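Structure assessment
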Amino acid sequence: MQDQVKLFTREELKARNTETDCILIIHNGVYNVTEFLEEHPGGLEVLMELAGKDASEAFEDVSHSSDARSLMKKYKIGELVEADRTASKASFATTWNNDQPQEPNNAWSAWLVPLLLGVAATFLYRFLFL
Ligand code: HEM
């Protein structure tokens, strides 16, 4: 038999924000990082600031390594109840999706500014030094 995933509400997690009981919500997962506070390479303070709260955005902003991501599994104690979940996982996945179609005719405009600067510099040189 597989272990049942323990479910938490955001409300009940709010109070778990002390150095002796510190949880973080990251991508709808609930992590007890109490034992990890002193070991976190990014420091105890950043984790304490988000204790009891949703740290998904801050966690992604730091671009944690895949090592960090597999390490966090060790601290997972459960997940949020269905009603308290966000769609953050999907939106983070698309943040990195760079397949947006490029505007087809913006290539020439990319040259326009350097071109105009070049022309301006030429005229300036002529007037000043010739
Ligand atoms: C369970 C959750 C977390 C784990 C397991 C974790 C783990 C790690 C690890 C292993 C590193 C070293 C660099 C790397 O491998 O990416 C790191 C760096 C860092 N972490 Fe976390 N982290 C967690 C949550 C957070 C959160 C919520 C923040 C919020 C701001 C944060 C902020 C940072 C910062 C600022 C660094 C950079 C330190 C530096 O490069 O000087 N971490 N973390």
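Scroll up a little and you will see the structure.
Calculation rules
Sequence order as written defines residue numbering, which begins from 1 separately in each chain. Where local features are concerned, this predicted model is filtered to residues with pLDDT of at least 70; where side-chain atom pairs are given and counted, the filter is 80 or more; whole-chain, interface and lining totals use all residues. To get the side-chain values, take all heavy atoms of the structure and skip hydrogens and water. A pairing counts as a salt bridge when a side-chain nitrogen of Lys or Arg comes within 4 Å of a carboxyl oxygen of Asp or Glu. Counting from the N terminus, the helices are DSSP H or I runs at least four residues long and the strands are E runs at least two residues long. Using a 1.4 Å probe on the protein chains alone, a residue whose accessible area is under 20% of its type maximum counts as buried, one over 50% counts as exposed, and one in between counts as partly exposed. For cavity detection a 1 Å grid was placed over the protein atoms alone, and a set of points counts as a cavity when a 1.4 Å probe fits there but cannot get out; an open set counts as a pocket when protein lies on both sides within 12 Å along at least five of seven lines, with lining residues being those that have an atom within 4 Å of a point. Grid points are joined across faces, edges and corners, and a volume is the space filled by probe spheres set on the points. For this classification, Asp, Glu, Lys and Arg are treated as charged, while Ala, Val, Leu, Ile, Met, Phe, Trp, Tyr, Cys and Pro are nonpolar and the rest, including Gly, are polar. Remark: nonpolar core denotes a set of buried residues (Ala, Val, Leu, Ile, Met, Phe, Trp, Tyr, Cys) joined through side-chain atoms within 4.5 Å. Note on definitions: a residue-residue contact is assigned when non-hydrogen atoms from the two residues lie within 4.5 Å. Exposure above 30% relative accessible area and no salt bridge define the residues that can form patches, which grow by joining like charges within 9 Å and nonpolar side chains of Val, Leu, Ile, Met, Phe, Trp and Tyr within 5 Å. The Shrake-Rupley method, run with a 1.4 Å probe sphere, supplies the accessible areas, and residue values consider only the shown protein chains as cover. Charged-residue counts in this description rest on Lys and Arg as positive and Asp and Glu as negative, His and the chain ends being excluded. The atoms used to mark charge sites are NZ of Lys, CZ of Arg, CG of Asp and CD of Glu.

**Here's the deal with the pattern of salt bridges**
- Scanning the entire structure with this criterion turns up seven salt bridges.
- When the shortest N-O distance is used, the salt bridge between arginine 10 and aspartate 54 registers 3.0 Å. Taken together, the residues arginine 10 in helix α1 (residues 10–13) and aspartate 54 in the loop between α2 (44–49) and α3 (56–61) connect sequence positions 44 residues apart.
- Its relative accessible area of 30% is what places aspartate 54 among the partly exposed residues.
- We note a salt bridge from aspartate 21 to arginine 16, for which the minimum N-O separation is 2.9 Å.
- On the basis of relative accessible area, aspartate 21 is assigned to the partly exposed category, the value being 24%.
- Beyond isolated ion pairs, a larger network of salt bridges with shared partners links Lys76, Glu79, Glu82 and Arg85.

**So, the layout of surface pockets**
- Within this model, the largest pocket holds a volume of roughly 420 Å³.
- Lining the largest pocket are 20 residues, with Phe36, His40, Leu47, Phe59 and His64 sitting closest to its centre.
- Those elements giving two or more residues to the lining of the largest pocket turn out to be β3 (21–26), α2, α3 and α4 (66–73).
- Considering every element that reaches the lining of the largest pocket, the biggest residue donor is α4, with three residues.
- Of the residues belonging to the lining of the largest pocket, the class tally is 17 nonpolar, three polar and no charged.

**A word on the nonpolar core**
- Counting 14 residues, the largest nonpolar core has Leu24, Ile26, Tyr31, Val33 and Leu37 as its most contacted members.
- Breaking this core down by element, the ones donating at least two residues are β3 and α2.
- In terms of residue count, β3 provides more of this core than any other element does, three residues in total.
- Apart from the residues lying within four places of it in its own chain, the contact partners of valine 33 are Cys22, Leu24 and Tyr75.
- Phe8, Leu13, Ile25 and Val30 belong to the second-largest nonpolar core, a separate cluster that totals six residues.

**Notes on a negative patch on the surface**
- Among the surface-exposed residues, Glu19, Glu35, Glu38, Glu39, Glu45 and Glu49 lie close enough to one another that they form a single negatively charged patch.
- Counting through the fold element by element, glutamate 19 comes out in the loop between β2 (17–18) and β3.

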